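# An overview of the molecular structure
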Amino acid sequence: MRIKNRNNVKVLFFYYIYNMNRFGYACINTELTAKGISSSRSMKLSTFLKNGRTHYDTTVIGNLGSLLQTLKWNEEHGIKVFRISNDLFPHKNRVTLDELLEVEPIRVLLSGIGEYAISNGHRLSFHTDAYSVLASQRESVVANAVNDINFVSGVLDAMGLECTPLHKVNVHIGTSKPSKPQAAENFINGYNLLSPSAKRRLTIENDDKPSAFTVDDLYNLIHTHIRIPIVIDYHHHSIHNDGVDLENALSKALSTWNGVRPIVHYSSSRKLYEDVKSPVTAHADFIYEKIPTFGRDFDIMLECKSKEQALLKYVSCL
DNA sequence: CATGGTCAAGTGGCA
DNA sequence: TGCCACTTGACCATG
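The paragraphs below set out a description of the structure included in this document. In this convention, every chain numbers its residues from 1, walking through the sequence in written order. Naming scheme: in the order in which they are written, chains are lettered from A and ligands are numbered from 1. In keeping with the predicted nature of the model, local features appear solely for residues at pLDDT of at least 70, side-chain atom pairs appear and are counted solely at 80 or more, and the whole-chain, interface and lining totals rest on all residues. With hydrogens and water excluded, all non-hydrogen atoms of the structure serve as input to the side-chain values.

Below, the discussion takes up the protein's contact with DNA strand C. Around DNA strand C, the surrounding shell consists of I28, S40, R41, S42, K44, T47, Y131 and T281. Nearness is defined per residue: one heavy atom within 4 Å of the molecule or strand is enough. Sugar and phosphate atoms form 83% of the subset of DNA strand C atoms that lie within 4 Å of the protein. Class assignment for the residues of the surface near DNA strand C results in 2 nonpolar, 4 polar and 2 charged. The classification used treats Ala, Val, Leu, Ile, Met, Phe, Trp, Tyr, Cys and Pro as nonpolar, Asp, Glu, Lys and Arg as charged, and all other residues, Gly among them, as polar.

Written out as structure tokens, the structure reads:
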């Protein structure tokens with residue numbers, strides 16, 4: 001949605017009347033990646049152990065430079081919402097953010113990225129991967145999850161981004177063992193181990209597996225206790241919802257944001273639109289239907305395999 | 001230089 | 001209790 005209009009009042013009025021949702025995409029810009037500009041260069045453990053910190057720092061500095069270029073590309077294309085890849089900093093359990101911030105180019109790039117994001121009104125966030133399980137029954141897994149979440153929350157802090165779910169760190173619950181209520185309690189115990197910054201940024205997302213947490217589960221078993229916002233994933237909800245309809249689930253999720261602009265996740269079903277042999281959980285390359293918003297205003301993180309291309313295609317059809 | 005096997009991570013279903 | 005599938009993009013050894 002590219003709006004270039006000298007008459008700001010008119011533009012604001014337009015937004016007000018039409019209740020404009022903003023769109024973002026996750027982690028990878030395929031166009032820039034094809035040109036070698038990637039903020040998610042990773043590193044095998046063997047390489048990290050063999051080549052050490054100098055090599056690691058070089059990779060991270062490259063990722064940060066590419067991230068800034070990606071944000072500039074986003075700005076040029078009217079995109080204000082972006083999820084940062086976890087691979088921005090690989091091997092977060094083998095380095096500390098404090099020691100990395102002693103490296104001048106890393107510190108300078110982080111603050112530069114933050115300044116750019118703030119001056120252009122960009123919303124940046126993280127989403128830890130499926131292996132960060134705060135609710136795990138294994139103490140070492142919880143410790144790793146706490147470290148990961150604190151780390152990326154600290155990265156957002158180092159960028160100078162406001163410490164609220166506007167710049168969130170999103171997680172899945174990741175397990176429902178030994179029982180859903182007990183897993184929720186374990187999650188809350190894990191939450192209490194987080195840094196103050198991470199606690200203020202943390203959000204939780206519904207999942208698609210039959211045993212996993214729906215929006216209602218998140219609301220009843222977690223939100224009522226620690227009041228953190230719920231990110232509804234439309235695709236997950238469509239697969240696993242315990243009979244609650246979309247409008248109700250959406251409404252419940254939006255009600256948890258406490259004045260911060262909510263965000264949701266959206267993707268089309270690959271099985272339904274692109275390849276019947278795909279599992280129901282697979283995401284499509286593009287968006288194939290009008291995203292139902294029920295007249296509500298919030299940000300929409302698109303999780304399409306074709307990334308920014310899917311976003312541009314979708315908004316060009318609005 | 002292109003390609004495809006391998007890697008990280010943790011859960012959960014199944015022998 | 002052990003093993004493998006699951007997921008994903010990028011690494012990196014091989015040809």
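Read on for the rest.
Moving on, we come to the packing of helix α9 (residues 215-226) against helix α11 (residues 246-254). Orientation is described by axes fitted as lines to C-alpha atoms, over the contacting stretch for helices, and by angles from 0 to 180 degrees between their N-to-C directions. Each helix is a run of H or I in the DSSP string that is no shorter than four residues. Each strand is a run of E no shorter than two, and both are numbered from the N terminus. Following both chains from N to C, one finds α9 and α11 inclined at 35°, their axes separated by 9 Å at the closest point. The two elements α9 and α11 meet at a crossing, and its hand is left-handed. In contact with V215, D216 and Y219 of α9, α11 contributes A249, K252 and A253. Its residues placed into classes, the contact of α9 with α11 shows 4 nonpolar, no polar and 2 charged. By convention the crossing between two helices is left-handed if the near helix lies anticlockwise of the far one by an angle smaller than a right angle, and right-handed if it lies clockwise. In this description, contact between two residues means that some pair of their heavy atoms is separated by no more than 4.5 Å.

This next bit is on the pairing of strand β1 (residues 22-26). Relative accessibility under 20% of the residue-type maximum defines a buried residue, over 50% an exposed one, and the middle range a partly exposed one, all with a 1.4 Å probe and only protein chains included. Where burial is concerned, most of β1 is hidden: 4 out of the 5 residues are buried. In this analysis, strands are considered paired if DSSP registers two or more bridges between them. Looking at chain direction, β1 and strand β2 (residues 81-83) are connected through 3 bridges and run parallel. Note that in β2 the partner of G24 across the bridge is V81.

Around DNA strand B, a shell composed of 14 residues is seen, among which L45, Y131, S136, R138 and T175 lie nearest. Expressed as a percentage, the sugar and phosphate content of the atoms of DNA strand B within 4 Å of the protein is 66%. Note that a base oxygen of DNA strand B is positioned 3.2 Å from one of the side-chain N or O atoms of K44. Contacts described as polar in this section are N or O atom pairs within 3.5 Å, which, within protein, must combine one atom able to donate a hydrogen with one able to accept it, while residues neighboring in sequence count only if both atoms come from side chains. Here S176 contributes a backbone N or O atom positioned 3.4 Å from a phosphate oxygen of DNA strand B. Secondary-structure elements contributing two or more residues to the surface near DNA strand B are α3 (45-76) and α6 (139-158). Residues of the surface near DNA strand B, tallied by class, amount to 4 nonpolar, 6 polar and 4 charged.

Bringing the nonpolar core into the picture now. By size, the foremost hydrophobic cluster in this structure holds 80 residues, and its most contacted members are F89, M159 and F187. F187 has contacts with L134, A135, V171, I173, L202, I204, I222, I226 and I228, leaving out every residue within four places of it along the chain. Take the buried residues of types Ala, Val, Leu, Ile, Met, Phe, Trp, Tyr and Cys, join any two whose side-chain atoms come within 4.5 Å, and each joined set is a nonpolar core. By size, the runner-up hydrophobic cluster in this structure holds 8 residues, among which are A26, V81, I263 and M301.

Think of it this way: a Phe, Tyr or Trp ring, Trp meaning its six-membered ring, pairs with another when their centres are within 6.5 Å, and the plane angle makes it stacked under 30 degrees, edge-to-face over 60, tilted otherwise. In total, this model carries 6 aromatic pairs according to the counting rule given. Taking 5.5 Å as the distance between ring centres and 80° as the angle between the ring planes, the aromatic pair formed by F48 and Y56 counts as edge-to-face. Whether a charge sits over a ring comes down to the Lys NZ or Arg CZ being within 6 Å of the ring centre and within 35 degrees of the ring normal. Positioned over the ring face of F213 is K180, at 6.0 Å from the centre of the ring. One Lys or Arg, K252, reaches over the ring of Y219 and ends 5.0 Å from the middle of that ring.

Among the residues of α11, L246, A249, L250, A253 and L254 are the ones counted as buried. Viewed end-on, α11 has its buried residues packed into an arc of 130°, placing them on one side of the element. In the core, the buried residues of α11 are packed alongside α9, β6 (230-231), α10 (234-239) and β7 (263-266). Directions are taken from the helix axis to each C-beta atom, and the arc is the one they span.

The next subject is unusual backbone geometry. For the bond running from K177 to P178, omega is 0°, close enough to zero to count as cis. Residue position: P178 is located in the loop between β4 (169-172) and α7 (180-191). Within the chain, R227 stands out as a residue other than glycine whose phi angle is a positive 60°. Position of R227 relative to the elements: it lies in the loop between α9 and β6. Since its relative accessible area comes to 54%, R227 is described here as exposed. The phi angle at K307 is positive, at roughly 45°, despite the residue not being glycine.

Right, let's get into the side chain of S66. Structurally, the position occupied by S66 is in helix α3. Sequence-distant contacts of S66, defined by excluding residues within four places in its chain, comprise I37, S38 and S39.

Pairing is parallel in the open sheet, where 8 strands are placed in the order β6-β5-β4-β3-β2-β1-β8-β7. In this open sheet, the two strands that pair with only one neighbour each are β6 and β7. Examined bridge by bridge, β4 and strand β5 (residues 202-205) share 4 bridges and lie parallel to one another. Within the sheet, the bridge partner assigned to V169 lies in β5 and is L202. The strands that helix α13 (residues 307-316) touches are β1 and β8 (299-302); relative to β1, the one it contacts most, it runs at about 160°.

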